[in-house]
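Structure at a glance
Below are the chains, spelled out letter by letter.
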Amino acid sequence: MRRWDSARQARDARLSAASGLMRGKQVRPDDVTALLEAVIRPGDRICLEGDNQKQADFLARALVQADPAILHDLHVVQSGIVLPEHLELFEAGIATRLDFSYSGPQGAALARALDRGRIALGAIHTYSELFARYFIDLTPNVALIVARQADRHGNLYTGPNTEDTPTIVEATAFKDGIVIAQVNEIVDSLPRVDIQGDQVDVIVQSPTPFHVEPLFTRDPAAMTETQILMAMMAIKGIYAEYGVTRLNHGIGFATAAIELLLPTYTERLGLKGKIATHWALNPHPTLIPAIESGWVEQIHCFGSEVGMDEYMRARPDVFFTGHDGALRSNRMLCQNAGLYACDMFIGATLQIDLDGNSSTVTPGRIAGFGGAPNMGSDPHGRRHASPAWLKAGREASDARSGLVRGRKLVVQMVETFGDAMAPAFVETLDSLALAERLGLPLAPVMIYGDDVTHIVTEEGIANLLLCRGRDEREQAIRGVAGYTPVGRARDRGMVERLRARGIIRRPEDLGVNPLDADRSLLAARSIKDLADWSGGLYRPPSKFRNW
Amino acid sequence: MESFTLTHPAATPLAGAGRQAIVGVVASGNLEVLAERTAQPDLCVVEISTAADGFGEIWRAVILDFVERAAPGGVRFSINDGGARPDTVLLRLMQAARALQDATN
């Protein structure tokens, strides 16, 4: 006789094994490691909420202290490998398998752990993809999550950093998993309920507030004239050309420069209200001058950003907020919004090959993916039209039937040389060698070449939509690759012919005056300028304060 | 420290009537460019003094592109380079040509 509720029975058994440590739903901080040893079983899939912003850091420290004789062979399924503890789980033998998305600050340590065979790597996912697998074949058995406040019923208030939490809890709680939350404080009543108490099994007040990393703050003081030149080219050659109103920006300096040119250069071009009005975007402080100047209609956010809380609370017409006034972010929904409802993604990368494939893998470093692979791809499920989408589609089309479909604009914006003069253009991505060394079935590619529509460098813009055939594509890429070996190996005659057809456009072709590539063009030239633009509502974290 | 001069035929004399312009700064990773209308109208002369040795081939490629893109006939450019990236050199040269074109001196 088959049992149909074995997971539910297991869940009840696990919770009763921990009942001695709990008062109601609460557990004391000192008892958390013992509780985890009681409710987690060897081989479990666990999500230790770590995304690229907020971190369940107290629960991570508690899990690392577990006895590997009790807890071993765990399968970690979480979007971010960000804290040292995330990798210590593998060094200690508590965890052995990993499926994740992003590993920014631990990219080098992760590569070393993989090299030593400490981690059996499933895949490096996009965010949406990993969240999707939570509901199909990577459902967590136990989720260790983080919120600002809980009440004694287990209702949670996340504040502006809601991020991944609703998705993780949905997958875990409704499939007989166990949800454990660390909170900064336990209170009688919450400003709003982000996660309902009946989906949360255990709460613990952590001794210190959870860590949030300011990831999206770009200091205008560090912006270069080269980045300003690229920003002007992108504005004239892409934003204005296609009339892009709905978009997502990556976190690089060149796109931050675009944000700071909206109220100055772009306003003088008469483009206010015609471009860059609706956004899927983290709350970039560099967008404050554009918001204050009336450029921005609305923004939906993946997560929050340190220091931006009070500013967003004061701008509910622009941001999504709860009835308590604070931002409500949601990574999965914003990824979906960026995929289907934005006409353009523009972001940076570390390497681009001759087919336009891009990767952030470099020797000894696996940074994983942020939102780029998802938002930087043409969604084949899209069925609504917009002028920008249709224009891009027409440029790419060879159709004779009159049937034209649109194309997402996917723009890679890179300086030809990166840190330490590393060329951004390469014959072969380092990702391939890494995949071979680690035996990965799939080399990590951030954005596939066939999704890329434009490449912007300081030398010009390459429009890959207009290229016909691999040779043209290759020469269009070489034609903006500057003085890298890839750029210098161009066919000069062919590049000039591509330029004559508007496939390659130089600053002078776009009417960009090189003398405008000056920091005086930036709406803010320092973090303090951004704080001033916000009327003091933006409170920069101390690492960005120098006044 | 390396110094050398490159001379290229230029398709047309640089537009405008300015006699002299200066852009940029002498700093690490940056450069200063002085542009003067003192060369023959069909020639562009670039004098380079650089802190980074051994990049002659890249300099030649950058100057060739610059002359093709800006047609700066009649102008002598004097570069004081603090080891700037080639793209920065090209940007400064384009800025110097434009500044000379716009200058009223």
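Residues numbered from 1 in each chain as written. Chains lettered and ligands numbered in written order. Predicted model: local features only at pLDDT ≥ 70, side-chain atom pairs only at ≥ 80, totals over all residues.

A few points about the overall build of chain A
Our working definition: Comment: elements are numbered from the N terminus, with helices defined as DSSP H or I runs of at least four residues and strands as E runs of at least two. For the radius of gyration, the atom set is restricted to C-alpha positions; the globular benchmark scales as 2.2 Å times the number of residues to the power 0.38. Residues with at least 20 other C-beta atoms within 10 Å of their own are called buried, those with 12 or fewer are called exposed, and the rest are partly exposed. The C-beta atoms themselves are positioned from the backbone. In this description, a residue-residue contact is defined by the distance between C-beta atoms placed from the backbone, which must lie within 7 Å.
Within chain A, the secondary structure is distributed over 19 helices and 22 strands. In terms of overall size, chain A behaves like a compact globule, its C-alpha atoms giving a radius of gyration of 24 Å where 547 residues would be expected to give roughly 24 Å. If one aligns the C-alpha atoms of chain A with their principal axes, the spans along those axes are about 75 × 55 × 50 Å. A burial count over chain A gives 55% of its 547 residues as buried. Counting contacts in chain A only where the partners sit at least 6 residues apart, residues at least 24 apart contribute 75% of the total.

Some words on the domain arrangement of chain A
Residue and element names in this part refer to chain A. Test applied: The start and end points of each domain follow an automatic or database-based domain assignment. Amino acid classes used here: Ala, Val, Leu, Ile, Met, Phe, Trp, Tyr, Cys and Pro are nonpolar; Asp, Glu, Lys and Arg are charged; the rest, including Gly, are polar.
Along its sequence, chain A is carved into domain 1 (26-212) and domain 2 (220-529). The straight-line distance from the C-alpha centre of domain 1 to that of domain 2 is 32 Å. Between domain 1 and domain 2, the contact holds 30 residues from the first and 32 residues from the second. Counting residues per element, the ones that place at least two in the side of domain 1 that touches domain 2 are β6 (95-102), α5 (107-115), β7 (120-124), α6 (127-134) and α7 (165-173). Take the side of domain 1 that touches domain 2: its biggest share by element is 5 residues, from α5. Here the side of domain 1 that touches domain 2 is composed, by residue class, of 14 nonpolar, 12 polar and 4 charged.

Examining the environment of A:Arg405
Tracing the backbone through its elements, the reader meets A:Arg405 in the loop between α14 (387-396) and β19 (409-413). The spacing of A:Arg405 and A:His380 is 25 residues in sequence and 9.7 Å in space, taken between C-alpha atoms.

Topic: the pairing of β19(A)
Residues and elements named next belong to chain A. We count it as follows: Any two strands between which DSSP finds at least two bridges are classified as paired. Every crossover in which the path from the first strand over the helix to the second runs clockwise, viewed with the strands pointing away from the viewer, is termed right-handed.
Among the 5 residues of β19, 5 are classified as buried, and the element is accordingly described as predominantly covered. Burial along β19 is two-sided: Leu 409, Val 411 and Met 413 facing one way and Val 410 and Gln 412 facing the other are all buried. Examined bridge by bridge, strand β16 (residues 344-347) and β19 share 4 bridges and lie parallel to one another. Paired with Met 344 across the strands is Leu 409, a residue of β19. When β19 meets strand β20 (residues 454-457), the two strands line up parallel, connected through 3 bridges. Opposite Gln 412, over in β20, you have Ile 455 as the bridge partner. Taking the sense of rotation as the criterion, the β-α-β connection linking β19, helix α15 (residues 430-438) and β20 turns out right-handed.

What to know about helix α3 (residues 57-64) of chain A
Burial analysis of α3(A) places 7 of its 8 residues in the buried class, which makes it a mostly covered element. Those residues of α3(A) that sit buried are A:Asp57, A:Phe58, A:Leu59, A:Ala60, A:Ala62, A:Leu63 and A:Val64.

Observations concerning the interface of chain B and chain A
Taken residue by residue, the interface counts 13 residues in chain B and 17 residues in chain A. Among the elements of the structure, α1 (56-70) and α2 (86-102) of chain B are those that each provide at least two residues to the side of chain B that touches chain A. Of all the elements, α2(B) adds the most residues to the side of chain B that touches chain A, at 8 residues. For the side of chain B that touches chain A, a count of residues per class yields 7 nonpolar, 2 polar and 4 charged.

Focus: the pairing of strand β5 (residues 75-81) of chain B
Every second residue of β5(B) is oriented toward a common face, the buried set being B:Val75, B:Phe77, B:Ile79 and B:Asp81 and the non-buried set B:Arg76, B:Ser78 and B:Asn80. For the crossover from strand β4 (residues 43-50) of chain B across α1(B) to β5(B), the handedness is left-handed.

As for the sheet that holds β4(B)
Residue and element names in this part refer to chain B. Rules: Interaxial angles span 0 to 180 degrees and are taken between N-to-C directions of axes, which are lines fitted to C-alpha atoms, for helices over the stretch in contact.
With mixed pairing, the 5 strands of this open sheet are ordered in space as β1-β4-β5-β3-β2. Both outer strands of the open sheet, β1 (2-9) and β2 (20-24), are each paired with one neighbouring strand and no more. Recorded for the sheet is a direction-independent mean angle of 15° between the axes of neighbouring strands. Sheet topology note: the β1/β4 ladder contains 8 bridges and is antiparallel. Each bridged residue has a counterpart across the sheet, and for Thr 7 the counterpart in β4 is Val 45.

So, the environment of A:Asn374
Tracing the backbone shows A:Asn374 in helix α13 (residues 372-375). Taking C-alpha positions, A:Asn374 is 9.6 Å from A:His125, a pair spaced 249 residues apart along the chain.

Brief notes about the nonpolar core
Residues and elements named next belong to chain A. The line we're drawing: Throughout this description, the term nonpolar core refers to a group of buried Ala, Val, Leu, Ile, Met, Phe, Trp, Tyr and Cys residues whose C-beta atoms join them within 7 Å.
Formed by 199 residues in total, the largest nonpolar core has its most connected members in Leu 63, Leu 144, Ala 181 and Ala 234. Of the residues forming this core, the biggest block, 11 residues, is contributed by helix α8 (residues 225-242). When residues of this core are assigned to domains, at least three fall in each of domain 1 (26-212) and domain 2 (220-529).

A word on unusual backbone geometry
Residues and elements named next belong to chain A. In the Ramachandran plot, Ala 276 falls in the positive-phi region, its phi being about 55° despite a non-glycine side chain. For Ala 276, the location among the structural elements is in the loop between α9 (253-268) and β14 (278-280). Judged by the 25 C-beta atoms lying within 10 Å of it, Ala 276 is buried. Of note in the backbone geometry, Met 421 takes a positive phi value of approximately 60° without being a glycine. Here Met 421 lies in the loop between β19 and α15.

Focus on the packing of α3(A) against helix α4 (residues 84-91) of chain A
All names here are of chain A. Which entries qualify depends on this criterion: An angle counts as roughly parallel when it lies under 35 degrees, as roughly antiparallel when it exceeds 145, as roughly perpendicular when it falls between 65 and 115, and as oblique in every other case. Rotating anticlockwise by less than a right angle from the far helix to the near helix defines a left-handed crossing, while the corresponding clockwise rotation defines a right-handed one.
Following both chains from N to C, one finds α3 and α4 inclined at 20°, their axes separated by 9 Å at the closest point. Our classification of the angle between α3 and α4 gives roughly parallel. In this structure, α3 meets α4 at a crossing whose hand is left-handed. In this structure, α3 contributes Ala 60, Arg 61, Leu 63 and Val 64 to the contact, and α4 contributes Glu 85, His 86, Glu 88 and Leu 89.

As for the sheet that holds β19(A)
Residue and element names in this part refer to chain A. Reading across the sheet, the 8 strands line up as β15-β14-β13-β16-β19-β20-β21-β22 and stay open at both edges, with mixed pairing between neighbours. Across the chains shown, the open sheet's two edge strands, defined by having one partner strand only, are β15 (298-300) and β22 (504-505). Bridge count between strand β21 (residues 460-463) and β22: 2 bridges; the pairing is antiparallel. Following the sheet pairing, Ile 461 is matched in β22 by Arg 505.

Here we look at the packing of α1(B) against α2(B)
Two packed helices can be described by the angle between their axes and the distance between those axes. All names here are of chain B. Between α1 and α2, the least distance of the axes is 10 Å, while the angle of their chain directions is 35°. The chirality of how α1 crosses α2 is right-handed. Contacts between α1 and α2 pair Ile 58, Val 62, Asp 65, Phe 66 and Ala 70 from the former with Pro 86, Val 89, Leu 90, Leu 93, Met 94 and Ala 97 from the latter. Taken together, the residues of the contact of α1 with α2 sort by class into 10 nonpolar, no polar and 1 charged.

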